[in-house]
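# Residue-level structural notes
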Amino acid sequence: MDKRLAQMAMRELTGNILPFWLKYSVDHQSGGYYGEVGYDGTPDPAADRCLILNARILWTFAAAYRILGDEQYLKEANRAYAYFIEYFIDPEYGGAYFALDSSGAPKEDFKMVYGQAFAIYALSEYHRATGHKAALGEAIHIFELLETHAFDPANLGYKESFQRNWELFDFMPHIQTYDAQGCAKSMNTHLHLIEAYTSLLRVWRNPRLEQKVREHLEVMLSSIVNHDTGHYHMYFELDWTPLGRCISYGHDIEGSWLMAETIEVLGDEALMEKAKPVFLQMASACLDESVASDGSMIYEFDPEFGHRDTQRSWWVQAEAVVGFLNAWQLGGEQRFLDAALKTFAYINHNIADHEFGEWFSSTGEDGRSIDPRDNKASAWKCPYHNARMCLEIIERYGKI
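Remember, it's a predicted structure, so these values are computed and weren't measured experimentally.

As a further point, take the confidence of the model for the protein. Averaged over the protein, the pLDDT score is 94; the fraction of residues at 70 or greater is 95%. The low-confidence segment residues 172-181 (pLDDT under 50) makes 25 contacts with residues lying over four places distant or belonging to another chain.

Structural data, given as structure tokens:
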């Protein structure tokens, strides 16, 4: 089973996901990557270029080269890194701009901590894959900026958004739900910041960084995880008072394995034994509450109003596969392995586009309601969740 699963992941990654990005996303005229690419691979040359998309492209091709050793992925990683450094990094105040226009000029120059996390994540992975020292230096610099400006010493954790010069900016453009009103901190920012700091710790075993990773993990486990439900709280006041009760199943299952990954990188077996029940509780809650009979995972549930968002988002399905595989490896329960395999089958039949390549952004509850207007590439639609799913399977079960 392990070998067959890795073979499936390899085929999906190298035969469907990465070829789409190599063929359709690269802007050979202006450099970098198109900000939007349509359903059939048609780009929008005028679309803005988001930090999130470009950092994730850099991470993806760096990780693909490191794990698979294919020189075409190294070439693309080098290209992505050069563009990222030249255009996204702020030469005056440091950190990365949130968005550029199609010519590469800064358009939204604020510093969202979520975005800085992905800059660290990508630069750390690029250094890990290539040994590039300047990339590591830039990742460390952004880490220091966040510790100087975003860290909350009174309550721990990190504030959300800043102006270009790192003055606090009370604006969260990536969150549009009512829960975010008055939000000073968010689960999503902290989830991806611990992901980024863990990636940096892999390549920079600095005592201060290790202390910050441990501190951050403790905040995740004590203040962000709701131990009564096995889900994350999503939004918070500055002092970690939760705002709203919405449940995001994709983030829950993703976080269940990312926190375990952090402990693995720390190399702390005692901490893993202590935290393992939390990770299994989260995976179990997701499996019991959000997975349909066809293996797909719904998006969100708001218990206050009883509203279920039943769209089958591409990234949620990818994280479900990894999260359930991780739970199976941690606890040995067959139901988690069965769930991972069933979700992978759902992806293959309903989410993966076997005509033009890549994945549809979502399907309806029937598994067939595809909107042809959806983009395959955009500020938030990228090769990161699905490519990472495949790479995680290949790394865990061996290269084929």
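Counting across every chain of the model gives 25 aromatic pairs. Their ring planes at 85 degrees and their centres at 6.1 Å tell us that Tyr-158 and Tyr-197 sit as a pair that is edge-to-face. You can see Tyr-158 sitting in the loop between helix H5 (133-149) and strand S7 (161-162) and its partner Tyr-197 sitting in helix H6 (residues 187-203), a full 39 residues away along the chain. The same class applies to Tyr-158 and to Tyr-197, which are both buried. For the pair Phe-236 and Trp-240, a centre-to-centre distance of 5.0 Å together with 70 degrees between the ring planes defines the contact as edge-to-face.

Following both chains from N to C, one finds helix H2 (residues 51-68) and helix H3 (residues 71-88) inclined at 150 degrees, their axes separated by 8 Å at the closest point. Considering their axes alone, H2 and H3 lie roughly antiparallel with respect to each other. H3 is crossed by H2, and the crossing has left-handed handedness. Seen from H2, the contacting residues are Leu-51, Asn-54, Ala-55, Ile-57, Leu-58, Phe-61, Ala-62, Ala-64, Tyr-65 and Leu-68; seen from H3, they are Glu-71, Tyr-73, Leu-74, Glu-76, Ala-77, Ala-80, Tyr-81, Tyr-83, Phe-84 and Phe-88.

Another point: the sheet that holds strand S14 (residues 300-302). Spatial ordering of the open sheet is given by S13-S14-S15, a layout of 3 strands whose pairing is antiparallel. Looking at which strands have only one partner, the edges of the open sheet turn out to be strand S13 (247-248) and strand S15 (307-309). Pairing of S14 with S15, which is carried by 3 bridges, proceeds in the antiparallel orientation. By the bridge assignment for S15, Phe-301 is matched with Arg-308.

Thresholds, definitions, all that
Throughout this document, residue positions are counted from 1 along each chain, in the order its sequence is written. Where totals are concerned, whole chains, interfaces and linings use all residues; where local detail is concerned, this predicted model gives features only for residues with pLDDT of at least 70, and gives and counts side-chain atom pairs only at 80 or more. No hydrogens and no water enter the side-chain calculation; it runs on all heavy atoms of the structure. A residue's pLDDT is the predictor's confidence in that residue, given on a scale from 0 to 100. By definition, residues are in contact when any of their heavy atoms lie within 4.5 Å. Aromatic rings from Phe, Tyr and Trp, with only the six-membered ring used for Trp, were paired whenever their centres fell within 6.5 Å, and each pair was classed as stacked if the ring planes differed by under 30 degrees, edge-to-face if by over 60, and tilted otherwise. The helix count covers DSSP runs of H or I at least four residues long, the strand count covers runs of E at least two residues long, and both are numbered beginning at the N terminus. A simple rule labels every residue: compare its accessible area, found with a 1.4 Å probe on the protein chains alone, to the largest value its type can have, and call it buried under 20%, exposed over 50%, or partly exposed in between. Lines fitted to C-alpha atoms define the axes here, with helix axes fitted over just the stretch in contact, and angles between the N-to-C directions of these axes take values from 0 to 180 degrees. These descriptions rest on fixed angle ranges, namely under 35 degrees for roughly parallel, over 145 for roughly antiparallel, 65 to 115 for roughly perpendicular, and the rest for oblique. Two helices that cross are described as forming a left-handed crossing if the nearer one is turned anticlockwise from the farther one by less than a right angle, and a right-handed crossing if clockwise. Strand pairing follows a simple DSSP-based rule, namely that at least 2 bridges must link the two strands.

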